[in-house]
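A look at the structure
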Amino acid sequence: MDSAESQDAVTETSLELTRLIDLATPFAIRVAVTLRLPELVSGGTTELGPLATATGAHRESLARLLRHLVHIGLFAETEPGNYGLTALSRQLLSEDGKWLRDWLDLEGPGTRMDLAFSGMLHSIRTGTSAYGTVHGTPFWDDYQRNDDLRRFFGGVMVAYAWQTGPVLATEFDWTGARTAIDVGGGHGALLAEIVRANPHLGGEVLDLPAVAPEAEQFLTEAGVAGQISFVPGSFFDPLPPGRDVYLVSRVITDWNDEDAVRILRRCAEAAGDNSRVLVVEVLAGDDHAKQNTSFDLQSLVLLGGQERSVADFEALVDKAGLSLIETRTWPGGLVVVECRPQ
């Protein structure tokens, strides 16, 4: 390699490093979402002046923001001072993009959760959540006190349930069960999917008392309030005994190994001889996991949790006093670890 080629390689590497450490872009996108720029442009407000008026923004500063957003491809400048949508901004405006718009809103709970990343050094040094270090209140305490955060987080869990619920409701054999309790089930979206497909089931959703109003409203609107009731409580305390199925869905990932075992042990203590405990998770495949390491770090800094493999979950089950019956996987990463009390 001659000196010119060597210099080009150094320059390319430097540019790539600059892109990797760039903070302007993620915050610029969040500002665009918070100001509702995609909606305004889509609705016909495309010129700089009217956009500044509609958003209450400083005109020249908005122009600088839009210049960067055009550079990264979120908008197109169709002519000087006039802007149009691109594939990226159209995706934000799609129905599938609604949850992302809500998450990116700088004035919403999603950004409050993301700011835990600024405490990552604490998490790496201690192995614990950085949320309390950044915000002064541990996440689950804030979750109970902050209505907006609790509703937002619950909505995210509802979206996850819609991904996994239909498969679990129809592909898992529920014929022998009459009662099921979703431990840490939030609003009850997963169990709602299950009982709709299996009307012989009666169900309960157990979660913290603060969740009750949202859960009861959701179950009523979902038309399953007659089949599912809300039970206030903590999965670290003794659980209602003798249910046929104890569901633990997308809960264990939020906790470290010690706490995960405590949760599963409570299920083992409450389950009867003929009961089953189902650990339901969505795991990244090997190829996807290489691109999904940021989610693992998010679990750490936000909640002190972690991503795990199927073998990891099976080991936790054993430590909690449960015997593995079967582990099943479905396309998309859905994993169900079925077990019974030892």
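Residues numbered from 1 in each chain as written. Predicted model: local features only at pLDDT ≥ 70, side-chain atom pairs only at ≥ 80, totals over all residues. Heavy atoms only, no water.

The secondary structure content of the protein amounts to 18 helices and 9 strands. With respect to the three principal axes, the spread of C-alpha positions in the protein is 70 × 55 × 40 Å. Taking all 342 residues of the protein together, 45% fall into the buried category. Split by element, the accessible area of the protein, about 17200 Å² in all, is 52% carbon and sulfur. Here the protein carries 27 positive and 48 negative side-chain charges, and the mean point of each set is 3 Å from the other. (Helix = DSSP H or I, 4+ residues; strand = E, 2+ residues; numbered from the N terminus. Buried < 20%, exposed > 50% of the residue type's maximum accessible area, 1.4 Å probe, protein only. Areas by Shrake-Rupley, 256 points an atom, 1.4 Å probe, with all protein chains shown as cover. Lys, Arg positive; Asp, Glu negative; His and termini not counted. Charge placed at Lys NZ, Arg CZ, Asp CG, Glu CD.)

Attention now goes to the environment of N82. Relative to the assigned elements, N82 resides in strand β2 (residues 82-85). Under the relative-accessibility criterion, N82 is labelled buried at 13%. Distance from N82 to E221, taken between C-alpha atoms, is 43 Å for residues 139 residues apart in sequence. Setting aside chain neighbours within four positions, we find N82 in contact with T46, E47, A76 and E77. Reaching out from N82, the side chain makes a polar contact with the side chain of T46 at a distance of 3.0 Å. (Contact = heavy atoms within 4.5 Å. Polar contact = N/O pair within 3.5 Å; in protein donor to acceptor, adjacent residues only side chain to side chain.)

To continue, consider the domain arrangement of the protein. Split into domains, the protein comes out as domain 1 (1-94) and domain 2 (140-341). Measuring from the centre of the C-alpha atoms in domain 1 to the corresponding centre in domain 2 gives 39 Å. (Domains from an automatic or database assignment.)

This part covers the pairing of strand β5 (residues 228-232). Looking down a regular strand, the side chains alternate between one sheet face and the other. The pairing of strand β4 (residues 202-207) with β5 spans 5 bridges and is classified as parallel. The residue of β5 that forms the bridge with V205 is F230. A crossover links β4 with its parallel partner β5, the connecting element being helix α14 (residues 212-221), and its sense is right-handed. (Pairing = 2+ DSSP bridges. Right-handed = clockwise from strand over helix to strand, strands pointing away.)

Before going further, it helps to spend a moment on the sheet that holds strand β8 (residues 322-329). With mixed pairing, 7 strands are arranged side by side in an open sheet as β5-β4-β3-β6-β7-β9-β8. Among the strands making up the open sheet, the edge pair consists of β5 and β8. Going across the sheet, the axis of each strand differs from the next one's by a mean of 20 degrees, ignoring polarity. Pairing geometry for β8 and strand β9 (residues 334-341), over 7 bridges, is antiparallel. (Axes fitted to C-alpha atoms, helices over the stretch in contact; angles between N-to-C directions.)

To continue, consider helix α18 (residues 310-319). Buried within α18 are the following residues: F313, L316 and V317. Around the axis of α18, the buried residues are gathered within 100 degrees of arc, so they sit on the same side. For α18, the exposed residues set more than 90 degrees away from the buried face come down to A311 and K319. Tucked into the core, α18 has its buried residues touching α15 (257-270), β7 (276-282), β8 and β9. (Arc of directions from axis to C-beta.)

The next thing to look at is the packing of helix α4 (residues 48-55) against helix α5 (residues 59-71). Relative placement of two packed helices is described by the angle separating their axes and the distance separating the axes. Two elements in contact, α4 and α5, have axes separated by 9 Å at closest approach and are oriented at 110 degrees. Classed by the angle they form, the pair α4 and α5 counts as roughly perpendicular. Each of L48, G49, L51, A52 and T55 in α4 lies in contact with α5, whose residues at this interface are R59, L62, A63 and L66. Broken down by class, the residue content of the contact of α4 with α5 amounts to 6 nonpolar, 2 polar and 1 charged. (Parallel < 35°, antiparallel > 145°, perpendicular 65-115°, else oblique. Nonpolar A, V, L, I, M, F, W, Y, C, P; charged D, E, K, R; others polar.)

This part takes up α14. Every buried residue of α14 is accounted for by A212, E214, A215, F218 and L219. Around the axis of α14, the buried residues are gathered within 165 degrees of arc, so they sit on the same side. Exposed side of α14, more than 90 degrees from the buried face: T220 and E221 are the residues found there. Tucked inside the fold, the buried residues of α14 contact α12 (147-171), α13 (189-197) and β5.

Attention now moves to the packing of aromatic side chains. What the rule picks out here adds up to 13 aromatic pairs. Between Y143 and F153, the aromatic rings sit 5.7 Å apart at their centres with planes inclined by 85 degrees, giving edge-to-face as the arrangement. Taken together, the residues span a long stretch of sequence, with Y143 in helix α11 (residues 139-145) and F153 in helix α12 at a distance of 10 residues. The class of Y143 is buried, set by a relative accessible area of 4%. (Phe/Tyr/Trp six-rings, centres within 6.5 Å; stacked < 30°, edge-to-face > 60°.)

The next thing to look at is the UniProt feature "domain: O-methyltransferase dimerisation" (unreviewed entry) in the protein. Residues annotated by UniProt as "domain: O-methyltransferase dimerisation" (unreviewed entry) correspond here to residues 24-94. End C-alpha to end C-alpha, residues 24-94 measures 24 Å, and it is 63% helix and 13% strand. (UniProt positions renumbered as here; feature names shortened; annotations may be inferred.)

In this section: the nonpolar core. Counting residues in hydrophobic clusters, the biggest one holds 46 residues, and the most contacted among them are F139, L168, W174, I194 and L247. The leading source of residues in this core is α12, at 8 residues. If near-sequence neighbours (up to four positions away) are discounted, I194 is found in contact with L168, A169, W174, L201 and L247. Among the nonpolar cores identified, the runner-up in size contains 31 residues, and V183, C267, V317 and V335 belong to it. (Core = buried A, V, L, I, M, F, W, Y, C linked by side-chain atoms within 4.5 Å.)

You will see that R36, though not glycine, has its phi angle at about 60 degrees, which is positive. Along the chain, R36 falls in the loop between α2 (24-34) and α3 (37-42). For R250, which is not glycine, the phi torsion reads 50 degrees and is therefore positive. Following the sequence through the fold, R250 ends up in the loop between β6 (245-249) and α15.

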